[in-house]
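Coordinate inspection notes
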Amino acid sequence: MWYHKPVINEELLQSLPNLKIVASSGVGIDHLDLNLLSSYGVKLSNTPFIVSTDTADMGMALMLASARRLVEGYQMAVSPDTEYFPADWLGDELSGATLGIVGMGTIGYKVAKRAKAFEMKILYYNRNQRNKEEESAVGAVYCKKIDDLLQQSDFVLLSVNLTPQTHKLIGKRELELMKPTATLINISRGLVVDQDALVEALQNNVIKAAALDVTYPEPLPRDHPLLKMKNVIITPHIGSATKKTRRLMMENMIESIQVGLTGLPIPNEVL
């Protein structure tokens, strides 16, 4: 499966009685019915670790671009109407700012490593607290409640899997807990955020900005209000989109298929 295609539904499974394994690119499996696959005896693999470095880089890129207003700056620099650069056109510093990471899995932890190099203060919220050595290595402080992280963070970065528990995890209430000077960064899945609530929060200055590599749907309708906001950066779900990583993803999927057909344990099998 690449870009969630083909759609794995009951009709397809019935038409492929000899199907042994589905290899899905990327980390997310929210597009798959695991119970349905299991009921047909079909195994599933994904490529969770290969994408983590690039996706962490993307999170930092979005944070930097939003903080320093790179998209707005580029538009100003190339506009035929620009006659001078205003001296009071300012962005925000990352150094000394507080980054709140929601979801400290492989990707979230790699973001924390990068943020430490930028001398950021790091908070994180996760299902399970990491061990003290891992926390100490990046200077991260665990928040038992997401509310505590939202209230203290200058940048909130979402790096969670989309599950029933994380569906619209960030809604109107959560956005109102954030600082009015805060930026929301999403490198997970669009449906982790209530987009209507986000639009309202940005329009009413509840939060300062958003930087999104994911939305719902993808792409957004061309008249969507998020596309017209100067304080929003949107990229086309390119967290893992480097030549090297995409090739490794495909090689990993092929390996899983080959091993799966032999009946041996499958690398990165989703159980």
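Residues numbered from 1 in each chain as written. Predicted model: local features only at pLDDT ≥ 70, side-chain atom pairs only at ≥ 80, totals over all residues. Heavy atoms only, no water.

As recorded in an unreviewed UniProt entry, the chain goes by Glyoxylate reductase/hydroxypyruvate reductase and comes from Smutsornis africanus. Regarding the chain, the relevant UniProt record gives this comment under Sequence similarities (unreviewed entry): "Belongs to the D-isomer specific 2-hydroxyacid dehydrogenase family." (UniProt positions renumbered as here; feature names shortened; annotations may be inferred.)

What follows concerns the overall build of the chain. A count of helices and strands for the chain gives ten helices and nine strands. Since a compact globule built from 271 residues should have a radius of gyration of about 18 Å, the 20 Å found for the chain is in line with a globular shape. Over its C-alpha atoms, taken along the principal directions, the chain stretches across nearly 65 × 50 × 35 Å. Split into buried and exposed, the 271 residues of the chain put 45% on the buried side. Of the contacts made within the chain by residues no fewer than 6 positions apart, 62% connect residues no fewer than 24 positions apart. Accessible surface for the chain amounts to roughly 14,800 Å². Of this, 54% is attributable to carbon and sulfur atoms. (Helix = DSSP H or I, 4+ residues; strand = E, 2+ residues; numbered from the N terminus. Rg over C-alpha atoms; globule rule 2.2 N^0.38 Å. Buried < 20%, exposed > 50% of the residue type's maximum accessible area, 1.4 Å probe, protein only. Contact = heavy atoms within 4.5 Å. Areas by Shrake-Rupley, 256 points an atom, 1.4 Å probe, with all protein chains shown as cover.)

Next up on the list: the UniProt feature "domain: D-isomer specific 2-hydroxyacid dehydrogenase catalytic" (unreviewed entry) in the chain. If you check UniProt for "domain: D-isomer specific 2-hydroxyacid dehydrogenase catalytic" (unreviewed entry), the listed places come out as residues 3-270 in our numbering. Annotated as 37% helix and 13% strand, the span residues 3-270 places its first and last C-alpha atoms 18 Å apart.

As a further point, take the packing of helix α3 (residues 52-67) against helix α5 (residues 106-117). The N-to-C vectors of α3 and α5 enclose an angle of 50°; their axes lie 8 Å apart at closest approach. The angle between α3 and α5 places the two elements in the oblique class. Between α3 and α5 lies a crossing of right-handed hand. Two secondary-structure elements touch here, α3 through S52, T53, T55, A56, D57 and M60 and α5 through T106, I107, K110, V111, R114 and A115. Classifying every residue of the contact of α3 with α5 by side-chain character gives five nonpolar, four polar and three charged. (Axes fitted to C-alpha atoms, helices over the stretch in contact; angles between N-to-C directions. Parallel < 35°, antiparallel > 145°, perpendicular 65-115°, else oblique. Left-handed = near helix turned anticlockwise from the far one by under 90°. Nonpolar A, V, L, I, M, F, W, Y, C, P; charged D, E, K, R; others polar.)

Another point: the environment of V160. Assignment of secondary structure puts V160 in the loop between β6 (155-158) and α8 (172-177). Residue classification places V160 among the buried positions, given a relative accessible area of 16%. V160 sits 15 residues away from K145 along the chain, and the two C-alpha atoms are 15 Å apart. Ignoring any residue separated from it by four or fewer positions in sequence, one finds V160 in contact with V102, G103, T166, S188 and V192.

This next bit is on the pairing of strand β7 (residues 183-186). Burial along β7 is two-sided: T183 and I185 and L184 and N186, pointing in opposite directions, are all buried. Direction of pairing for β6 relative to β7: parallel, over a ladder of four bridges. Residue pairing across strands places L158 opposite N186, the latter belonging to β7. Tracing the backbone out of β6, into α8 and back to the parallel element β7 gives a crossover that is right-handed. Where β7 meets strand β8 (residues 209-212), four bridges bridge the pair, whose relative direction is parallel. Within β8, the position partnered with L184 by the bridge is A210. (Pairing = 2+ DSSP bridges. Right-handed = clockwise from strand over helix to strand, strands pointing away.)

Now for the sheet that holds strand β9 (residues 232-234). Spatially, β5-β4-β3-β6-β7-β8-β9 is the arrangement adopted by the seven strands of the open sheet, whose pairing is parallel. This sheet does not close on itself; its edge strands, each paired only once, are β5 (140-142) and β9. Direction aside, the axes of adjacent strands within the sheet are offset by 15° on average.

It is worth spelling out α5 at this point. Side chains three or four residues apart in an α-helix point the same way, a direct result of the helix having 3.6 residues per turn. The first and last C-alpha atoms of α5 sit 17 Å apart over twelve residues, in line with the 16 Å expected at 1.5 Å per residue. For α5, the full list of buried residues reads I107, G108, Y109, V111, A112 and A115. Each element contacted by the buried residues of α5 is listed here: α3, β3 (98-102), β4 (121-125), α6 (132-138) and β6. Of the residues trailing α5, E119 is marked for its positive phi of about 60°. (Expected span 1.5 Å × (residues − 1).)

All right, on to the pairing of β4 then. Pairing of β3 with β4 involves five bridges; the strand directions are parallel. Residue pairing in the sheet places I101 in a bridge with Y124 of β4. One crossover worth recording links β3 to the parallel β4 by way of α5, and it is right-handed. Across three bridges, the pairing between β4 and β5 is parallel. Its bridge partner being in β5, I122 is matched across the sheet by A140.

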